[in-house]
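Residue-level structural notes
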Amino acid sequence: MSKQFYITTAIDYVNGEPHLGHAYEKVITDVIARTHVALGEEVFYLTGLDEHGQKVEQAAKDAGMETQAYCDRLAASWQSFVKKLGLINRDFVRTTSPRHKDVVQAVLNRLNDKGEFYKKTYTGWYSAKEETFLTEKDRNEDGSFDSKWGTVTELEEDNYYFKLGEHQQWLIDHIESNPDFVQPTNRRNEVLGFLKNNKLEDLCSTRPQNRLSWGIPFPFDAEFVTYVWFDALTNYISIPAAHGDDTVRSALQLGASSGESLSLWPADVHVIGKDILKFHTVYWPIMLKAMGLPLPKTVLVHGWWQKDGEKMSKSTGNVVDPVAVIDEWGLDAFRYYVVRELGIGPDGNWTDESFSNRYSNELANGLGNLANRSLSMLGRYRDGIVPARHDELAEEAARFVGETVAHLKSHNLQAGLQSIWGLVRRANEYVDKTAPFKLAKDPTQSERLDEVLYNLTEVVRILGVLLWPFIPESAGRIFQQLQLEDSPDRLALAEWGGMKAGHQTGKPAPLFPRKDLAPRN
Ligand code: MSP
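Residues numbered from 1 in each chain as written. Predicted model: local features only at pLDDT ≥ 70, side-chain atom pairs only at ≥ 80, totals over all residues. Heavy atoms only, no water.

Our next topic: the overall build of the protein chain. Helices and strands together make up the secondary structure of the protein chain, namely 18 helices and 16 strands. Considered along the principal axes of its C-alpha atoms, the protein chain spans approximately 95 × 55 × 45 Å. Of the contacts made within the protein chain by residues no fewer than 6 positions apart, 75% connect residues no fewer than 24 positions apart. Taken as a whole, the protein chain presents about 22,500 Å² of accessible surface, with 48% of it coming from carbon and sulfur. When the 58 basic and 72 acidic side-chain charges of the protein chain are each reduced to a single mean position, those positions are 3 Å apart. (Helix = DSSP H or I, 4+ residues; strand = E, 2+ residues; numbered from the N terminus. Contact = heavy atoms within 4.5 Å. Areas by Shrake-Rupley, 256 points an atom, 1.4 Å probe, with all protein chains shown as cover. Lys, Arg positive; Asp, Glu negative; His and termini not counted. Charge placed at Lys NZ, Arg CZ, Asp CG, Glu CD.)

Moving on to the site of the ligand. In the vicinity of the ligand, 24 residues are found, and the nearest of them are I11, E25, D50, G273 and D275. Take I11: an N or O atom from its main chain is 2.8 Å from a nitrogen atom of the ligand. A distance of 3.1 Å separates an oxygen atom of the ligand from a polar backbone atom of Y13. For the ligand, whose unbound accessible area comes to 670 Å², protein coverage reaches 93%. (Near = heavy atom within 4 Å. Polar contact = N/O pair within 3.5 Å; in protein donor to acceptor, adjacent residues only side chain to side chain.)

Let us look at the domain arrangement of the protein chain. Examined at the domain level, the protein chain breaks down into domain 1 (5-302) and domain 2 (351-494). The centre of domain 1, based on its C-alpha atoms, is set 43 Å off from the matching centre of domain 2. Taken together, the contact between domain 1 and domain 2 spans 12 residues of the former and 12 residues of the latter. For the pairing of domain 1 and domain 2, the buried interface totals around 1,200 Å² over both sides, and the portion due to carbon and sulfur atoms is 72%. Taken as a group, V31, R34 and A38 account for 44% of the area that domain 1 buries against domain 2, more than any other trio of residues on that side. Applying the counting criterion to the domain 1 and domain 2 interface returns 3 residue pairs in polar contact (both at pLDDT 80 or more). Residue contributions to the side of domain 1 that touches domain 2 peak at 7 residues, all from helix 1 (residues 20-38). Grouping the constituent residues of the side of domain 1 that touches domain 2 by class yields 8 nonpolar, 3 polar and 1 charged. (Domains from an automatic or database assignment. Buried area = accessible area lost by both parts, 1.4 Å probe. Nonpolar A, V, L, I, M, F, W, Y, C, P; charged D, E, K, R; others polar.)

Dropping the structure here:
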């Protein structure tokens with residue numbers, strides 16, 4: 001089996017409902033996944049839930065529920081969220097599932113066999129309220145601990161440590177010689193700066209059972225559970241192992257699979273937010289190296305969303321509920337806005353005003369209007385029948401296609417949409433300049449009208465192809481209205497000349513109905 005394009009999101013803590021940040025990460029990952037489908041590759045997109053650890057145990061307690069029952073209830077709502085976003089994920093991982101737990105234990109056993117763990121006693125200042133050890137950095141200027149930590153006591157604790165420190169120089173070398181490993185460049189510089197200016201401490205990989213019980217038992221010492229990040233990162237290989245990936249299964253000595261045998265590892269892209277950079281570009285590569293597995297090709301790091309210039313927070317009500325936005329404006333409007341508004345890298349700011357502006361200017365009046373008037377005129381003047389091929393816009397369209405594909409391949413999704421809208425604008429100008437409604441009134445201009453209508457219909461078709469990774473539902477509707485049998489999910493179809501003379505197109509219907517833009521309460 002040839003290797004598939006394997007792309008993942010972070011797995012979300014199941015301690016609350018999904019919000020804009022989670023939706024954004026899943027949508028940009030979906031756009032990249034669909035790009036590779038459109039390039040003709042087999043694609044495996046993985047997303048899911050991180051269900052162990054303190055945060056989840058606490059959330060279940062607060063909800064007055066047994067922890068597994070709490071996870072099951074929330075998992076159902078997260079799975080329906082994934083459906084709502086129209087993702088093409090091929091699996092959904094839950095870290096409490098046996099298929100995942102088994103692989104985590106295999107990883108731990110394997111690393112232990114290789115001598116990567118040692119047990120050590122740690123003495124430190126412990127906040128029982130926050131259930132965490134504090135460091136010198138947590139002290140106030142006068143040396144005391146803030147009241148937010150509750151009572152802080154000195155505590156002695158045994159734990160298992162994973163030998164991270166030994167691999168520091170190897171990791172620096174790897175990042176320096178693989179410029180695509182951490183994207184974008186400022187995040188790559190951030191992790192290199194961290195590695196060059198700090199001595200890597202070994203990673204505490206367990207929690208004593210009596211302090212945290214909600215975790216995967218440490219396979220060779222029943223007094224401990226596995227540290228939640230060790231467990232969570234492993235999802236990226238546990239699911240390939242479950243699908244019979246031989247690279248993972250042989251490194252972990254799991255034996256051959258009796259069922260499927262997909263080839264997934266190494267991942268092509270891990271998409272994550274900026275706050276979890278260190279886990280993915282320091283801990284994870286070293287864990288993989290110690291297991292004898294190849295590293296992911298790229299860790300792609302996005303920024304964080306704010307709303308109205310402030311951190312989103314449930315307690316102040318300053319949140320964007322993606323489900324409510326989708327219900328009101330449609331899925332594609334949501335997908336379009338988040339990708340168009342924020343490039344992958346910096347932080348972004350959601351405002352309802354910019355959302356509705358983009359909806360009406362770019363979707364309804366830009367793309368929607370172009371598609372609608374092109375098809376309407378073809379219907380009105382030529383009974384919807386495509387005239388003979390004409391190449392007036394062919395060269396320019398090819399340039400926009402080339403730009404868009406290049407941006408998509410290099411994960412510049414926002415720039416990809418800007419190129420597509422370059423073509424939308426060009427075609428709308430073309431309508432204004434050529435004025436087909438005037439040509440239609442003059443029988444001597446009939447041939448010119450044919451030419452213009454061909455160019456417009458062909459541009460609309462090409463737009464359907466280019467838009468599919470971003471707004472697949474609308475791309476499908478464009479193809480439907482053109483009465484094309486193909487699906488727009490192949491970038492090869494963006495070549496000029498796909499519209500055949502004599503082809504009967506269908507009736508236009510607005511892609512993005514104009515909204516009453518009165519301010520919303
Ligand atoms: N469970 C860990 C990840 C383990 S991956 C092996 C976790 N979960 S999380 O639910 O807190 O975050 C999941 C993802 O959502 C992270 O990539 C995080 O950066 C992203 N976001 C959370 N809030 C966000 C915004 N406000 N904006 C954009 N992304 C944000 O971390």
